[in-house]
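Each chain, letter by letter, is given below.
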Amino acid sequence: AWAYGTMQMHDPQVMCVLEIIGALALPNLGFFKPLELTNLLWSFAKMQVPNARLFQASCQQISSGLASFSPSNLSTIIWAFVTAGHVFSNMLNQVAKEFANRLAFFQVNPVEVANLMWGLATAKLHPKGQVLHEVGCRAIAMLPEFKLQELSITAWAFSRIGSLHDEFFVAVADRLSSSRVLRGQIHPQGIANILWAFERQNAMGSTAVPQIMLAVNQLISTCL
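This report concerns the structure included in the present document. (Residues numbered from 1 in each chain as written. Predicted model: local features only at pLDDT ≥ 70, side-chain atom pairs only at ≥ 80, totals over all residues. Heavy atoms only, no water.)

A few points about unusual backbone geometry
- Residues other than glycine seldom take positive phi values, yet Gln 48 does so here, at roughly 60°.
- Positionally, Gln 48 belongs in the loop between helix H3 (34–46) and helix H4 (52–64).
- Overall, Gln 48 belongs to the exposed group, its relative accessible area being 64%.
- Of note in this structure, Lys 124 is not a glycine but carries a positive phi near 55°.
- Within the element layout of this structure, Lys 124 appears in the loop between helix H7 (110–122) and helix H8 (131–141). (Helix = DSSP H or I, 4+ residues; strand = E, 2+ residues; numbered from the N terminus. Buried < 20%, exposed > 50% of the residue type's maximum accessible area, 1.4 Å probe, protein only.)

So, in structure tokens, the structure goes:
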């Protein structure tokens, strides 16, 4: 399944094979290791095969064994469920909370943060407690590693969820203002996401407005 997902083979015969794989996996999910289950779900989501029975059964398996999944697994799980259109809110919020709890002990990368935030925002989920604050603070610490695509998605996601995170947006604005490399990666969707995210933070009363305005001016001058 992972190979088909990686190669993006949207052939009718491949789709039939995936359905067979799903049927074979269902009674054996308890034997899957966390990475194996994560890859299976990612493959079905990537190939746009929304096997409802597989995702529902996997939901129960994930909820009962959260502690065994790595942060990378957890981020991919949220991406896969949301991409496949299976928004089990309670489970996905638990996954996001577990991801945030692991940040003190595990390394994560920008893609994992962006995938997690994209999934939460697209599904319009609002994790309780300090989940978003902690994810934003970790993102700040590794902001130099973010490419524009990952940065724009993460900023868009915070604003779409309605999460006011001044520290994160000050850091994002400063990074955009100071990095020619990032501004050189600008593309229409990216700048649209960033400007919309900035506007929403402003509307929510962000104290990052001065830094945001400097970044906006830099972005506009880059596009002219």
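What follows picks up the thread again.
Things to note about the side chain of Ser 163
- Inspection of the secondary structure puts Ser 163 in the loop between helix H9 (148–161) and helix H10 (166–178).
- Filtering out sequence-adjacent residues up to four positions away, Ser 163 remains in contact with Leu 132, Phe 158, Gln 201 and Met 204. (Contact = heavy atoms within 4.5 Å.)

Observations concerning the packing of aromatic side chains
- Enumeration over the complete set of coordinates arrives at 5 aromatic pairs.
- Arranged with centres 5.0 Å apart and planes meeting at 90°, the rings of Phe 55 and Phe 81 form a pair that is edge-to-face. Here Phe 55, found in helix H4, pairs with Phe 81, found in helix H5 (residues 71–83); they are 26 residues apart in sequence, far enough to count as distant. With respect to class, Phe 55 is no different from Phe 81; both count as buried.
- Plain terms: the ring middles of Phe 81 and Phe 88 are 6.0 Å apart, the flat faces sit at 80° to each other, and that makes the pair edge-to-face.
- For Phe 81, a relative accessible area of 0% translates into the label buried.
- Using a relative accessible area of 26% as the deciding quantity, one classes Phe 88 as partly exposed.
- A connected cluster of aromatic rings, assembled from ring pairs, spans Phe 158, Phe 168, Phe 169 and Phe 198. (Phe/Tyr/Trp six-rings, centres within 6.5 Å; stacked < 30°, edge-to-face > 60°.)

Thoughts on H4
- Over its 13 residues, H4 extends 19 Å from the first C-alpha to the last, a length consistent with the 18 Å expected when each residue adds 1.5 Å.
- For H4, every residue scored as buried is listed here: Leu 54, Phe 55, Ser 58, Cys 59 and Ile 62. On an axial view of H4, the arc spanned by its buried residues comes to 140°, and they lie on one face. Turned more than 90 degrees from where H4 packs its buried face, Arg 53, Gln 60 and Ser 64 sit exposed. (Expected span 1.5 Å × (residues − 1). Arc of directions from axis to C-beta.)

Concerning the pattern of salt bridges
- All chains considered together, the criterion is met by 1 salt bridge.
- Of the charged contacts in the structure, one is a salt bridge between Arg 102 and Glu 98, with a shortest N-O distance of 2.9 Å. Residue Arg 102 and its partner Glu 98 are both found in helix H6 (residues 89–102); the two are separated by 4 residues, about one turn of the helix. (Salt bridge = Lys/Arg side-chain N within 4 Å of Asp/Glu carboxyl O.)

Quick notes on the environment of Leu 176
- Summarising the element assignment, Leu 176 is placed in helix H10.
- By relative accessible area, Leu 176 is classed as buried at 0%.
- Sequence separation of Leu 176 and Leu 148 is 28 residues, and the distance between their C-alpha atoms is 9.0 Å.
- Filtering out sequence-adjacent residues up to four positions away, Leu 176 remains in contact with Leu 148, Leu 151, Leu 182, Arg 183, Ile 194, Phe 198, Ala 215 and Leu 219.

Comments concerning helix H12 (residues 188–203)
- Between the first and last C-alpha of H12 there are 22 Å, a value that for 16 residues agrees with the 22 Å anticipated at 1.5 Å per step.
- At the C-terminal side of H12, Gly 205 shows a positive phi close to 90°.

Considerations on the packing of H7 against H9
- It is the contact of H7 with H9, at a shortest axis distance of 8 Å, that shows an interaxial angle of 30°. As summarised for this structure, H7 and H9 are arranged roughly parallel, according to the angle between their axes. Note that H7 runs across H9; the crossing there is left-handed. Residue-level contacts link Pro 110, Val 111, Val 113, Ala 114, Met 117, Trp 118, Leu 120, Ala 121 and Thr 122 of H7 to Glu 150, Ile 153, Thr 154, Trp 156, Ala 157, Phe 158, Arg 160 and Ile 161 of H9.
- Classifying every residue of the contact of H7 with H9 by side-chain character gives 13 nonpolar, 2 polar and 2 charged. (Axes fitted to C-alpha atoms, helices over the stretch in contact; angles between N-to-C directions. Parallel < 35°, antiparallel > 145°, perpendicular 65-115°, else oblique. Left-handed = near helix turned anticlockwise from the far one by under 90°. Nonpolar A, V, L, I, M, F, W, Y, C, P; charged D, E, K, R; others polar.)

Don't take any of this as a statement about function, it's just geometry.
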